[in-house]
Amino acid sequence: MKPKLMALLLLAAPFIGLQPAAAQLRVDITRGTEAPMPIAVPSFPTGASVATPAGTTADLGRQVAGIISANLQGSGLFRPLGAGAFPAPGMADVQQPQFGAFRTAAAQALVTGFVTANPNGTLTIGCYLYDVFSEEELMRQGFTVTPAGWRRAAHKCSDAVYSRLTGESGYFDSRIVYVAESGPRTQRVKRLAIMDQDGANHRFLTSGQSLVLMPRFSPVSETISYMSFANDRPRVWLYNIGTGQQEAVGTFDSMSFAGRFSSDGRTLLMSVTRSGNADIYAYDVASRRSTRLTSSNSIDTSPSFSPDGKRIVFESDRGGAQQLYVMNADGTGTQRISFGEGRAGSPVWSPRGDLIAFTRIVGGKFRIAVIRPDGSGERLLTDSWQDEGPSWSPNGRVIIFSRTERNGRTTLRSIDLTGRNDRRIPTPLDASDPAWGPLLR
Amino acid sequence: MTERGALLAAGGLHLALLLALSLGISRALPNRDMSPDVTPIEYLEIGPVPTATKLPQPSMEAAPRDPGPPPSSDLPDVPMPQAPAPPVVAPLADDKAPQDAIAEDVRKAPPPRSAPSQARNSFDPGAMAALIDKAIPDAPVRPRDTSAFAKSIEQAIPKGARISPRQVATLEQAIRAQIAPCWNPPIGGADVSEMTVVLKIRLNSDGTVAAPPEFVSQTGASAGNQAYARAFVETARRAVLRCAPLDLPADLYTHWREFELNFDPRQMT
């Protein structure tokens, strides 16, 4: 009997394992959190604190971490955790972080590094990024700077962290040029001013003797184009930030305005008026020759190249009201891309190429919006009384613009593409017409 | 003994008993001492055979009450319930009930020797006949209609060894509900709307990660967006590591011991 029973059990064995043919479970995660990523940015340690013209290295270590925190927080994508949440790391911890403490603080990533003074008077600032959960080193970079340039090292470290974690290029080591306004409404003084993207290192570029408008950065050089009423003749000028040298563009005997560089910096697009209408011209910076691109009986202005230089977006009232149009770089193939309620103006092509930012004007309200180059996917990013004059961050993720309050005050603000991260950019005076420059080298 | 082992053992015992009874061997059993040495070693801990009187009933009840789609085909394609995610524990607790009943019975079971006679006395040949080919009693060695037999046995196997569509949905919901809040997808990137990544997850029975999430596949990556593609995969990995340990129904461990997660943020953009 015993063998018989065993045989039966053996026979039955396959059936016991009769679980469903193991089609593996596969779960779709279609939503995540949009909450900013918690990231630890403790003070950067220093071996032995040394006095430098910019302060002691220990003090700089704290400030570098502070700048990185502020940059990351300002992006809206990160939530830096204060130094109080974990013990201050020492030099040995930079390459061997105590991950447990950062995990406890719920940080997902850790930015650390060091500040040391070199015998030749320069500073070395190390920058490390770790994944707190996998305990992997994600990135490390080092910067040697003069004591005066320590902020740039902090910005470069921020860019490296941002870029490694988001996969996009950064935008922190960059500058903004804008029009600083002061004085009563009837006698407004407008000066060109430049500052770091976080508002630091602010300085004025022009004295305010003549009115200036519409400054625009060259993406590749230390050159700004702007419109000046110097000598009572409004025209586009070029300004070299490094040398202070200025030069008028072209020999137009009429008004020229709204200059904007191509992404290679070789061509400057602008509007030139003749007998009441404005047309778009391309000005070759090297040869100083200009080519007319539009010839309608309307006001064509605010031209902006696509990043590949093949197309141009501009605004025109040729259809009756101010709208956006896209044409080839040689002026052919013009197509209207903005429709819908109200007017659309001051378009700027994103450095990423995928979007065009512009000012949507409906019922006396000016708002910042984006639209795809084919005219689809229009989206309003801001909702205030008067937001205008958008300009893209170098990575095409953030837009800076000017906001006019009902009391007449004008400020600079930035908004990211999600439309949820509306931030004030500090300026000492009223500010308008910002232009974001390229990443510094 | 692990719960899984216990369940398998219980299933096996049910089966053995079922076979023994239906094949007429039961007639020989009363004369025989059901000595422990006959019992295969893996059944030893259960030792006292479950009260035979109740054997068929709990087993049958343990089978899915809602027949649903064919149990063994295409589990992941089972349509999701429209209702919002039920609390993870509630429905599963319900499903567990029959097993708990069995376990309870095991604990209360009388000494082994009395079991066989009780089993014989309470055995309902009519019910069994519906399940098993009538020809089998005359052919003591091998059942002929294995498919029907397999089906009946499948139904008799306790919960946990197999999984109903409803449990699949519940398990998916539980995983989703725990992973999603930990995932910071890099939204706003130019290519985010087209990018997805599939990771293979291996978990210990306590919900902790048994091995680093393994890359399976990715869509939307190109030569031009490698940095973004890499960062994207890392956010998915981080989500799993950050969320662990996952709190998932222990009785379904065989189904979530290893599974795949498809991270697809299209609905977010």
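Conventions we followed
Residues numbered from 1 in each chain as written. Chains lettered and ligands numbered in written order. Predicted model: local features only at pLDDT ≥ 70, side-chain atom pairs only at ≥ 80, totals over all residues. Heavy atoms only, no water. Helix = DSSP H or I, 4+ residues; strand = E, 2+ residues; numbered from the N terminus. Buried < 20%, exposed > 50% of the residue type's maximum accessible area, 1.4 Å probe, protein only. Areas by Shrake-Rupley, 256 points an atom, 1.4 Å probe, with all protein chains shown as cover. Axes fitted to C-alpha atoms, helices over the stretch in contact; angles between N-to-C directions. Parallel < 35°, antiparallel > 145°, perpendicular 65-115°, else oblique. Contact = heavy atoms within 4.5 Å. Nonpolar A, V, L, I, M, F, W, Y, C, P; charged D, E, K, R; others polar. Disulfide = S-S within 2.5 Å. Pairing = 2+ DSSP bridges. Polar contact = N/O pair within 3.5 Å; in protein donor to acceptor, adjacent residues only side chain to side chain. Phe/Tyr/Trp six-rings, centres within 6.5 Å; stacked < 30°, edge-to-face > 60°. Left-handed = near helix turned anticlockwise from the far one by under 90°.

Asker: Provide a residue-level description of the overall build of chain A, including the pertinent values.
Answerer: If you tally the helices and strands in chain A, you get five helices and 32 strands. Across the 441 residues that make up chain A, the buried fraction comes to 55%. When the accessible surface of chain A is split by element, carbon and sulfur atoms take 49% of a total near 18400 Å².

Asker: Pulling in residues and values, what's your account of the packing of helix H5 (residues 150–166) of chain A against helix H8 (residues 226–243) of chain B?
Answerer: Between H5 of chain A and H8 of chain B, the shortest axis-to-axis distance is 6 Å and the interhelical angle comes to 75°. It follows that H5 of chain A is roughly perpendicular to H8 of chain B by the angle criterion. In this structure, H5 of chain A contributes Arg164, Leu165 and Thr166 of chain A to the contact, and H8 of chain B contributes Tyr228, Arg230, Ala231, Glu234 and Arg238 of chain B. Grouping the constituent residues of the contact of H5 of chain A with H8 of chain B by class yields three nonpolar, one polar and four charged.

Asker: Quick one: what's the story with the state of the cysteines, residue by residue and with numbers?
Answerer: Residues and elements named next belong to chain A. All chains considered together, the criterion is met by two disulfides over all chains. The disulfide bridge from Cys127 ends at Cys157, spanning 2.0 Å between sulfur atoms. Judged by the sign of its S-S torsion, about 75°, the bond between Cys127 and Cys157 is right-handed. Here Cys127, found in strand S7 (residues 123–131), pairs with Cys157, found in helix H5; they are 30 residues apart in sequence, far enough to count as distant.

Asker: Now, about the sheet that holds strand S14 (residues 235–240) of chain A: what can you tell me, with residues and values included?
Answerer: Residues and elements named next belong to chain A. The strand order across the open sheet built from four strands is S12-S13-S14-S15, with neighbouring strands paired in antiparallel fashion. At either end of the open sheet lies a strand with only one pairing partner, and these are strand S12 (212–217) and strand S15 (246–248). On average, each strand axis in the sheet is tilted by 25° relative to the strand beside it, whichever way the strands run. Two strands pair when backbone bridges link them, and S14 and S15 are joined in this way by three bridges, in the antiparallel orientation. Across the sheet, the residue bridging to Leu238 is Glu247, located in S15.

Asker: Which residues make up the sheet that holds strand S1 (residues 26–29) of chain A, and what are the values?
Answerer: Read across the open sheet, the four strands follow the order S1(A)-S3(B)-S1(B)-S2(B); overall the sheet is mixed. With partners counted over all chains shown, the strands left at the sheet margins are S1 of chain A together with strand S2 (209–219) of chain B, one partner each. Across the sheet, the mean angle from the axis of one strand to that of its neighbour is 25°, orientation sign disregarded. In the packing of helix H7 (residues 165–179) of chain B onto the sheet, contacts are made with S1 of chain A together with strand S3 (258–263) of chain B, and the angle to S1 of chain A comes to roughly 40°.

Asker: Just give me the short version of the side chain of Thr52 of chain A, but keep the residues and values in it.
Answerer: Residues and elements named next belong to chain A. Along the polypeptide, Thr52 turns up in strand S3 (residues 51–52). Residue classification places Thr52 among the buried positions, given a relative accessible area of 14%. One polar contact links the side chain of Thr52 to the main-chain carbonyl oxygen of Gly55, over a distance of 2.6 Å. If we skip the residues at most four places from it in the chain, Thr52 touches Thr57, Leu60, Ala117, Leu123 and Pro147.

Asker: An account of the packing of aromatic side chains is requested, with residue identities and associated values reported.
Answerer: Residue and element names in this part refer to chain A. Summed over all chains, the structure comprises 15 aromatic pairs over all chains. Pairing Tyr171 with Phe172 gives two aromatic rings, centres 4.5 Å apart and planes at 40°, and the pair type is tilted. Phe172 gets classed as buried once you look at its relative accessible area, which sits at 1%. Among the aromatic residues, ring-to-ring pairing joins Phe78, Tyr162, Tyr171, Phe172 and Trp436 into one connected group.

Asker: For the pairing of strand S10 (residues 189–196) of chain A, give the residues involved together with the corresponding values.
Answerer: All names here are of chain A. Judged by how many residues are buried, S10 sits mostly within the fold: six of eight residues are covered. Direction of pairing for strand S9 (residues 174–182) relative to S10: antiparallel, over a ladder of eight bridges. Across the sheet, Ile176 pairs through a bridge with Met195, a residue of S10. What sits between S9 and S10 in their antiparallel hairpin is a turn of six residues, with Gly183 showing a positive phi close to 90°. Bridge analysis of S10 against strand S11 (residues 203–204) gives two bridges, and the strand direction is antiparallel. Bridged to Ile194 within S11 is Arg203. In this structure, the hairpin formed by S10 and S11 is closed by a connection of six residues, where Gly199 is found at a positive phi of approximately 95°.

Asker: Give me the lowdown on the packing of helix H2 (residues 57–74) of chain A against H5 of chain A, citing residues and values where you can.
Answerer: All names here are of chain A. Between H2 and H5, the least distance of the axes is 9 Å, while the angle of their chain directions is 45°. The pairing of H2 with H5 is recorded here as oblique in orientation. Crossing of H2 against H5: the hand is right-handed. Across from Leu60, Gln63, Val64, Ile67, Ile68, Asn71 and Leu72 in H2, the residues of H5 making contact are Trp150, Arg151, Ala154, His155, Cys157, Ser158, Val161 and Tyr162.

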